Amino acid sequence: MCSLWPNNLDPLTALAIKSSKGNLDTKSSNMYPTYGCFQGLFQTPYSLSPLSHLLLFMGLNAVDQDAKYACIDAYIEAVDLGKLNEIYAANALVQLIEGKDTKFNRIADAFKQITPISSLHAYSVSQILQQVLCTVDLKLRNLFHIIELLLEIHIELQIPLTQECYSKLTTITGSSKMAKAAKRLISLNIESSESMNRLKLN
């Protein structure tokens, strides 16, 4: 199939997902290296497919540091080259969350390596996280890692939340870490055309 459609890497991506799935929750190993499973993310000149986004987020969620940093690099490159689709990315992360395959602290740690690269990279992370928060159950354990990261991004960029995300966050009550971060995000939700213009220029 790949020889007939050389730009269609989904068959190889599906194989990479299958090959790497059992090894990503262990530390990097020379015996069972997973780094090679993610090389296809760098090879296509076109937008990443939904399946490629799933592989990308499996790597960002990995304990295996080789896999994780390969996918951090792949994410950065995908944003630089316009290959990242934020809807596909959010759907991939939601799929992993619903499959109970996600550790929110791992995802947040990976994104913290990406957001300082540029305002554009930080903005892409914000858009993905907001879509995810609009979809998942806000009572999920340790979800505060995601909301705290979103707060950090919005403090830095001074951009408003989407209306849907804003409305969802207003349903969070209490005095937990997540509730405190949500309240601060809500208080920051002021339109700033200057910040948005600066983001576009970057």
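Residues numbered from 1 in each chain as written. Predicted model: local features only at pLDDT ≥ 70, side-chain atom pairs only at ≥ 80, totals over all residues. Heavy atoms only, no water.

**Re helix 5 (residues 86–98)**
Thought 1: Across its 13 residues, helix 5 extends 18 Å between first and last C-alpha, which sits within 8% of the 18 Å expected from 1.5 Å per residue.
Thought 2: Every buried residue belonging to helix 5 is among A89, A90, A92, L93, V94, L96 and I97, and all of these are buried.
Thought 3: Those residues of helix 5 that are buried are in contact with helix 3 (50–60), helix 6 (104–114) and helix 7 (119–135).
Thought 4: The N-cap residue of helix 5 is N85: its side-chain oxygen and the backbone nitrogen of I87 are 2.9 Å apart.
Thought 5: Immediately beyond the C-terminal end of helix 5, within one or two residues, lies K100, with a positive phi of roughly 60 degrees. (Helix = DSSP H or I, 4+ residues; strand = E, 2+ residues; numbered from the N terminus. Expected span 1.5 Å × (residues − 1). Buried < 20%, exposed > 50% of the residue type's maximum accessible area, 1.4 Å probe, protein only. Contact = heavy atoms within 4.5 Å. Polar contact = N/O pair within 3.5 Å; in protein donor to acceptor, adjacent residues only side chain to side chain.)

**Describing the nonpolar core**
Thought 1: L56, F57, L60, Y75 and F111 are the most contacted members of the largest nonpolar core, which has 63 residues in total.
Thought 2: Going through the elements one at a time, helix 3, helix 4 (65–80), helix 5, helix 6, helix 7, helix 8 (144–157), helix 9 (163–169) and helix 10 (177–188) are the ones with two or more residues in this core.
Thought 3: Ranked by residue count, the leading element in this core is helix 4, at 9 residues.
Thought 4: Discounting chain neighbours no more than four positions away, the residues touching L60 are K68, C71, I72, Y75, R106, I107, A110, F111 and I114. (Core = buried A, V, L, I, M, F, W, Y, C linked by side-chain atoms within 4.5 Å.)

**Observations regarding the packing of aromatic side chains**
Thought 1: Under the criterion given, the structure shown has 2 aromatic pairs.
Thought 2: Considering the side-chain rings of F57 and F111, the 6.0 Å spacing of their centres and the 70 degrees angle between planes classify their relative orientation as edge-to-face. Here F57 is found in helix 3, whereas its partner F111 is found in helix 6, with 54 residues between them in sequence. You'll find F57 and F111 in the same group, each marked buried.
Thought 3: Between Y75 and F111, the aromatic rings sit 5.7 Å apart at their centres with planes inclined by 75 degrees, giving edge-to-face as the arrangement. Taken as a pair, Y75 in helix 4 and F111 in helix 6 lie far apart in primary sequence, 36 residues in all. (Phe/Tyr/Trp six-rings, centres within 6.5 Å; stacked < 30°, edge-to-face > 60°.)

**Observations regarding the environment of I114**
Thought 1: Inspection of the secondary structure assignment puts I114 in helix 6.
Thought 2: Given the relative accessible area of 0%, I114 is considered buried.
Thought 3: The spatial distance from the C-alpha of I114 to the C-alpha of D73 is 8.5 Å, given a sequence separation of 41 residues.
Thought 4: Apart from residues lying up to four places away in sequence, I114 is in contact with L60, I72, Y75, I76, H121 and V125.

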